[in-house]
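Spelled out, the chains give:
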Amino acid sequence: MKLRRTLLAFAAAATALAGATFALPAAAQNYKSEYRLSLVVGPAFPWGKGGEIWANKVREKTNGRINIKLYPGVSLIQGDQTREFSALRQGVIDMAVGSTINWSPQVKQLNLFSLPFLMPDYAAIDALTQGQVGKDIFATLEKAGVVPLAWGENGYRELTNSKHVVKTPADLKGLKIRVVGSPLFLDTFTTLGANPTQMSWADAQPALASGAVDGQENPMSIFTAAKLHTVGQKYLTMWGYVADPLVFVVNKEIWNSWTPADRELVRQAAIEAGKEQIGIARKGMNEPGQPLLKDIAAMGVTVTHLTPAERDAFVKATRPIYDKWKGQVGADLVNAAEKAIAARKK
Ligand code: X2X
């Protein structure tokens, strides 16, 4: 009797002990003192700001259990942004807020957003990222070995150059244009008669400054924060041909090393940061009169808006590329995207 009571007491104590160990977050043993968050550009840009907001929210929500350090300039991979996705998967990078363009060499579905003139307005981007297409792409990323948590936005990529006003595809003829990431960009600019060369963002700025290239395409928030008017970019064409969303993502092993409760906090922080970040990225562009464009014009930049007919000439000229890449992205995904955009609330 006494023995049985002792055994029972022992078992209860052991259970309590096991429970206590289990309930204690793995923090002390398994959590790293610092998690490395990769970004192409830092907090002076809306993109990097999104990373900073995420890091701060995570630190707060987890009472410092998860401590994130920012690595702008994709410095963990020596500035080679097209390797970011592989590095994430391999654990060289713990987390990232990355552009769909930079990951598209590894995840071909992400080229969806770079199909020329697929998304006519912000509502079209939202119809994709906030709808079923966004869910399908997250499932693809998950299969590719990372944990996607939320969408952000780099923005509509407008065309700039140092030579002259561009209003027609013919105006692009022979212009040396720096492009990034996927071969789709080379195809698009070659088809338009330009002379595209692929290089990293780090290399692009000196190449623009020296005149090694004449032009580039990037969102207006990148143009202003990087002061591209100071490297000869005096002519801006608002053509809205593609936009690159950002994805808030975590390496799978890192994710699995966190307690379920902490994972939920990190996810919530990413969703909140993503919403805020999109607001910052669109600032000055989605309100009446587009005040950011007035600021850019005041810097001495000639801002060209295309008439619907002028824009249509670019749409027609790039249609063969759209059709060719529709197959590479996946016809089902592109069809679903086209449907979602047609049904969007404006
Ligand atoms: O390299 C670019 O053009 C940039 C900064 O927009 C990206 O990383 C996609």
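Analysis parameters
Residues numbered from 1 in each chain as written. Predicted model: local features only at pLDDT ≥ 70, side-chain atom pairs only at ≥ 80, totals over all residues. Heavy atoms only, no water. Core = buried A, V, L, I, M, F, W, Y, C linked by side-chain atoms within 4.5 Å. Buried < 20%, exposed > 50% of the residue type's maximum accessible area, 1.4 Å probe, protein only. Pairing = 2+ DSSP bridges. Helix = DSSP H or I, 4+ residues; strand = E, 2+ residues; numbered from the N terminus. Axes fitted to C-alpha atoms, helices over the stretch in contact; angles between N-to-C directions. Contact = heavy atoms within 4.5 Å. Salt bridge = Lys/Arg side-chain N within 4 Å of Asp/Glu carboxyl O. 1 Å grid on protein atoms, 1.4 Å probe; cavity = no way out; pocket = protein on both sides within 12 Å on 5 of 7 lines; lining within 4 Å. Points joined across faces, edges and corners; volume = space filled by probe spheres on them. Nonpolar A, V, L, I, M, F, W, Y, C, P; charged D, E, K, R; others polar. Near = heavy atom within 4 Å. Polar contact = N/O pair within 3.5 Å; in protein donor to acceptor, adjacent residues only side chain to side chain. Areas by Shrake-Rupley, 256 points an atom, 1.4 Å probe, with all protein chains shown as cover. Sits in = over half its atoms within 2 Å of the grid points. Expected span 1.5 Å × (residues − 1).

Peer 1: Explain the nonpolar core to me, and be specific about the residues and the numbers.
Peer 2: Counting 89 residues, the largest nonpolar core has Trp54, Leu112, Met119, Leu141 and Trp258 as the members making the most contacts within it. Ile101, Leu175, Ala194 and Val315 belong to the second largest nonpolar core, which has 19 residues in total.

Peer 1: Any details on the sheet that holds strand S1 (residues 35-38)? Residues and values, ideally.
Peer 2: As summarised here, the arrangement of the five strands in space is S2-S1-S3-S10-S4, forming an open sheet in which the pairing is mixed. Among the strands making up the open sheet, the edge pair consists of strand S2 (68-71) and strand S4 (146-156). Across the sheet, the axes of successive neighbouring strands diverge by a mean angle of 20 degrees, strand direction being ignored. Direction of pairing for S1 relative to strand S3 (residues 95-99): parallel, over a ladder of two bridges. Bridged to serine 38 within S3 is alanine 96. Packed onto the sheet, helix H6 (residues 122-129) meets S4 and strand S10 (243-251) and runs at close to 175 degrees relative to S4. Contacting S4 and S10, helix H12 (residues 260-282) crosses the sheet at an angle of about 5 degrees to S4.

Peer 1: Explain the environment of threonine 304 to me, using residue names and the numbers behind them.
Peer 2: Looking at the secondary structure, you find threonine 304 in strand S11 (residues 302-305). On the accessibility criterion, threonine 304 (7% relative accessible area) is buried. Distance in space between the C-alpha atoms of threonine 304 and glutamine 106 is 35 Å, their sequence separation being 198 residues. When residues no more than four places from it in sequence are discounted, the contact partners of threonine 304 are Val165, Val166, Lys167, Leu236, Thr237 and Met238.

Peer 1: Summarise the pattern of salt bridges; cite the residues concerned and give the values.
Peer 2: Within the structure shown, the criterion is met by 17 salt bridges. In this structure, arginine 282 and glutamate 153 form a salt bridge, with 2.7 Å as the shortest nitrogen-oxygen distance. One end of the pair, arginine 282, is in helix H12; the other, glutamate 153, is in strand S4, with 129 residues separating them in the sequence. Each of the two residues, arginine 282 as well as glutamate 153, counts as buried. By sharing partners, the salt bridges in this structure join Lys57, Lys61, Glu272 and Glu276 into a single network.

Peer 1: Which residues make up empty space enclosed by the protein, and what values do they have?
Peer 2: Within this structure, the stated rule accounts for two cavities of 30 Å³ or more. Empty space within the largest cavity amounts to approximately 110 Å³. As for the largest cavity, its lining consists of 15 residues, and the residues nearest its centre are Trp47, Gln81, Asn154, Arg157 and Asn218. Classifying every residue of the lining of the largest cavity gives seven nonpolar, five polar and three charged. By volume, the second largest cavity is sized at about 70 Å³. Lining the second largest cavity are Tyr122, Asn154, Gly155, Tyr156, Pro219, Met220, Ser221, Ala281, Met285 and Leu292. When residues of the lining of the second largest cavity are assigned to their parent elements, the largest contribution, three residues, is made by S4. A class-by-class count of the residues in the lining of the second largest cavity yields seven nonpolar, three polar and no charged.

Peer 1: Just give me the short version of the site of the ligand, but keep the residues and values in it.
Peer 2: Looking at the ligand, the residues that line it are Val40, Trp47, Gln81, Ser99, Asn102, Asn154, Arg157, Arg178, Val180, Trp201, Asn218 and Asp244. Asparagine 154 places a side-chain nitrogen or oxygen 3.3 Å from an oxygen atom of the ligand. At 2.6 Å from an oxygen atom of the ligand is found a side-chain nitrogen or oxygen belonging to asparagine 218. Summarising the interface, the protein chains cover 100% of the accessible area of the ligand, which totals 270 Å² for the free molecule. A majority-of-atoms criterion places the ligand in the largest cavity. Taken together, the residues of the shell around the ligand sort by class into four nonpolar, five polar and three charged.

Peer 1: Give a detailed account of unusual backbone geometry, specifying residues and quantitative values.
Peer 2: One non-glycine residue with positive phi stands out, namely asparagine 63, at about 50 degrees. Among the secondary structure elements, asparagine 63 is positioned in the loop between helix H3 (46-61) and S2. Phi angles above zero are rare outside glycine, and glutamine 290 is one such case at about 40 degrees. In this fold, glutamine 290 is placed in the loop between H12 and helix H13 (291-298).

Peer 1: Mind laying out the side chain of glutamine 233, listing which residues take part and the relevant values?
Peer 2: Here glutamine 233 shows up in the loop between helix H10 (220-225) and strand S9 (235-238). At 2.6 Å, the side chain of glutamine 233 forms a polar contact with the side chain of threonine 160. Among the polar contacts made by the side chain of glutamine 233, one reaches the main-chain amide nitrogen of asparagine 161 at a distance of 3.3 Å. Beyond its immediate chain neighbours, meaning those up to four positions away, glutamine 233 contacts Thr160, Asn161, Ser162, Leu208, Asp214, Gly215, Gln216, Phe223, Leu228 and Val301.

Peer 1: Residue-level account of the environment of valine 165, with values.
Peer 2: Residue placement: valine 165 occurs in the loop between strand S5 (158-161) and strand S6 (176-179). C-alpha separation for the pair valine 165 and tryptophan 258, spaced 93 residues apart in sequence, amounts to 53 Å. Other than its neighbours up to four places away in sequence, valine 165 contacts Asp171, Tyr235, Thr302 and Thr304.

Peer 1: Before we move on, can you summarise H3 with the specific residues and values?
Peer 2: The end-to-end C-alpha separation of H3 is 22 Å, in line with the 22 Å expected for 16 residues at 1.5 Å each. Taken together, the buried positions of H3 are Pro46, Trp47, Gly48, Gly50, Gly51, Ile53, Trp54, Ala55, Lys57 and Val58. Positive backbone phi, at 50 degrees, marks asparagine 63, one or two positions downstream of H3.

Function-wise, these values are silent; they only describe arrangement.
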